[in-house]
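Report on the structure
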Amino acid sequence: MADLSINLAGIESPNPFWLASAPPTNSGYQVQRAFEAGWGGAVWKTLGDPILNVTSRFAAVSFNGQKVAGFNNIELITDRPLEVNLKEIYETKKRFPNHTIIASLMVAPNQEKWHEIVKRVEDVGVDGLELNFGCPHGMAERGMGSASGQVPELVEKQTYWAKEAARTPVIVKLTPNITDITVTAEAAVNGGADAISMINTINSLAGVDIDSWNTIPHVGGKGAHGGYCGPAVKPIALHMVGECARNPRINIPISGIGGISNWQNAVEFLLMGATGVQVCTAAMHHGFRIVEDMIEGLDHYLDEKGIASVMDLVGKSVVKYSDWGNLDLNYKVVAKINNDVCIHCNKCHIACEDTSHQCIDMLKDLSGTSTLKVREEDCVGCNLCSIVCPVDGAIDMIEIPSGLPPMTWNERQAALGAASCESTK
């Protein structure tokens, strides 16, 4: 059995699976149930001045029969008194001393307020702090959450204030509602952050009821933008984690968040630079016991790969993630259709004919049996046919030699520039 324990900026956890700050970590009862189920840690639902919530608060986007492909909420931070939360954190940590408890915090951009809440929370024995600069709704209108998280100067300043008072590691949770997340990640580093976590939820509207014309969700006939999460946001989160992991100016650990639903997703985030992962929507959809499959699957994966520790996965794919200008223009793949497996639904032919490069021919033999064949000389290797194909193994993307040496766009432009300079001499 592999070692699943992690160390994120000095915060130790029995496994990399944490519950994110959200409804599943709203109370001691819930967090203790989660720890009993096997979760390695939990980020307590964001603490601050208690707020008033509205109903209804949640909505989901389903796609092609999959429930909760995306999840939207307009819920705010804790609506429970700080004293109650602190008492439950203390009791939970006392009962589960080897599990990780991180306190998520959100207060107004004020040095004194940050000092006060940091000291009060650390007094009950948390393992670390997560500064919530990501919440995009409700709190942002009050100058907190993403309203702070979108301003690098405020991220740096508030991180510094928290660090002034903190004795435990400080994680800064970043908003994805920004053009370049590395800018605010660098600001967190400049403020002294020990780690960063990403992504928080994305500004969204789940839908509109075309009968009543109400937004989904609505509160008495009126709606508001909310935060979007769940499986649909995983590609966005994975990209942002990768961008920060490959930036040499952001040389601190990352806690990955966003659409993680199974152990395979967790491995992707670890490979792309996350030291651990946080989960919310999947737990809300399926309950706390999903972590059992996550732990078992990750353990088997590491054993099959001959990897002794989950920490050995961290960042292994980062060197493979680059910019478009560094990709080999002479690398070539083409589609190959396996007619023995093909069910002749013709989806690949339709997709290629209507929306791609018209390189799949529909052929018939003397008996009238139809087959599909790719004209390799016209195929650009776009992958569309293999993506729409409903049968595994029916279409493979095969590398073929181009006969040319590797060359990137950046190398090409540099060579053209050099040739131009030479011609002007």
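Residues numbered from 1 in each chain as written. Predicted model: local features only at pLDDT ≥ 70, side-chain atom pairs only at ≥ 80, totals over all residues. Heavy atoms only, no water.

1. Describing the sheet that holds strand β4 (residues 41-47)
- With parallel pairing, the 8 strands of this closed barrel are ordered in space as β3-β4-β7-β8-β9-β10-β15-β16. Adjacent strand axes in the sheet meet at a mean angle of 25°, parallel and antiparallel pairs treated alike. (Pairing = 2+ DSSP bridges. Helix = DSSP H or I, 4+ residues; strand = E, 2+ residues; numbered from the N terminus. Axes fitted to C-alpha atoms, helices over the stretch in contact; angles between N-to-C directions.)

2. Some words on empty space enclosed by the protein
- Summed over the entire model, instances satisfying the criterion amount to 3 cavities of 30 Å³ or more.
- For the lining of the largest cavity, the secondary-structure elements that each account for two or more residues are β4, β6 (66-73), β14 (226-229), β16 (276-279) and α9 (281-286).
- Counting residues per element, the lining of the largest cavity draws most heavily on α9, which supplies 3 residues.
- Taken together, the residues of the lining of the largest cavity sort by class into 19 nonpolar, 13 polar and 3 charged.
- Lining the second largest cavity are 15 residues, with Ser356, Cys359, Cys379, Cys382 and Cys385 positioned closest to its centre.
- Residues that form the lining of the second largest cavity fall into these classes: 11 nonpolar, 4 polar and no charged. (1 Å grid on protein atoms, 1.4 Å probe; cavity = no way out; pocket = protein on both sides within 12 Å on 5 of 7 lines; lining within 4 Å. Points joined across faces, edges and corners; volume = space filled by probe spheres on them. Nonpolar A, V, L, I, M, F, W, Y, C, P; charged D, E, K, R; others polar.)

3. So, the pairing of strand β7 (residues 100-105)
- Burial analysis of β7 places 6 of its 6 residues in the buried class, which makes it a mostly covered element.
- The alternating pattern of β7 places Thr100, Ile102 and Ser104 on one face and Ile101, Ala103 and Leu105 on the opposite face, and all of these are buried.
- When β7 meets strand β8 (residues 128-132), the two strands line up parallel, connected through 4 bridges. Residue pairing for β8: Leu105 is matched across the bridge by Leu131.
- In the classification by handedness, the crossover that spans β7, the intervening helix α3 (residues 111-122) and the parallel β8 is right-handed. (Buried < 20%, exposed > 50% of the residue type's maximum accessible area, 1.4 Å probe, protein only. Right-handed = clockwise from strand over helix to strand, strands pointing away.)

4. Side note on helix α7 (residues 234-245)
- Between its first and last C-alpha atoms α7 spans 16 Å; for 12 residues at 1.5 Å apiece the expected length is 16 Å, and the two agree.
- Every buried residue belonging to α7 is among Lys234, Ala237, Leu238, Met240, Val241, Gly242, Glu243 and Cys244, and all of these are buried.
- Contacts made by the buried residues of α7 are with α6 (181-190), β10 (195-198), β15 (254-257) and α8 (263-271). (Expected span 1.5 Å × (residues − 1). Contact = heavy atoms within 4.5 Å.)

5. Describing the pairing of β14
- Two strands pair when backbone bridges link them, and β6 and β14 are joined in this way by 3 bridges, in the antiparallel orientation. Bridged to Asn73 within β14 is Gly227.
- As paired strands, strand β11 (residues 202-204) and β14 are joined by 3 bridges and run antiparallel to one another. Following the sheet pairing, Ile202 is matched in β14 by Tyr228.

6. Here we look at the sheet that holds strand β5 (residues 58-63)
- Reading across from one edge, β5-β6-β14-β11 is the order of the 4 strands in this open sheet, with antiparallel pairing throughout. Across the chains shown, the open sheet's two edge strands, defined by having one partner strand only, are β5 and β11. Here the strands of the sheet are splayed against their neighbours by 45° on average, with no regard to which way each runs.

7. Here's the deal with the side chain of Gln278
- Position of Gln278 among the secondary structure elements: in strand β16.
- Gln278 gets classed as buried once you look at its relative accessible area, which sits at 1%.
- At a separation of 3.1 Å, a polar atom in the side chain of Gln278 contacts the side chain of Glu130.
- Aside from chain neighbours lying at most four places away, what touches Gln278 is Trp18, Leu19, Ala20, Ser21, Val43, Glu130, Ser197, Ser255, Gly256, Ile257, Gly258 and Ile260. (Polar contact = N/O pair within 3.5 Å; in protein donor to acceptor, adjacent residues only side chain to side chain.)

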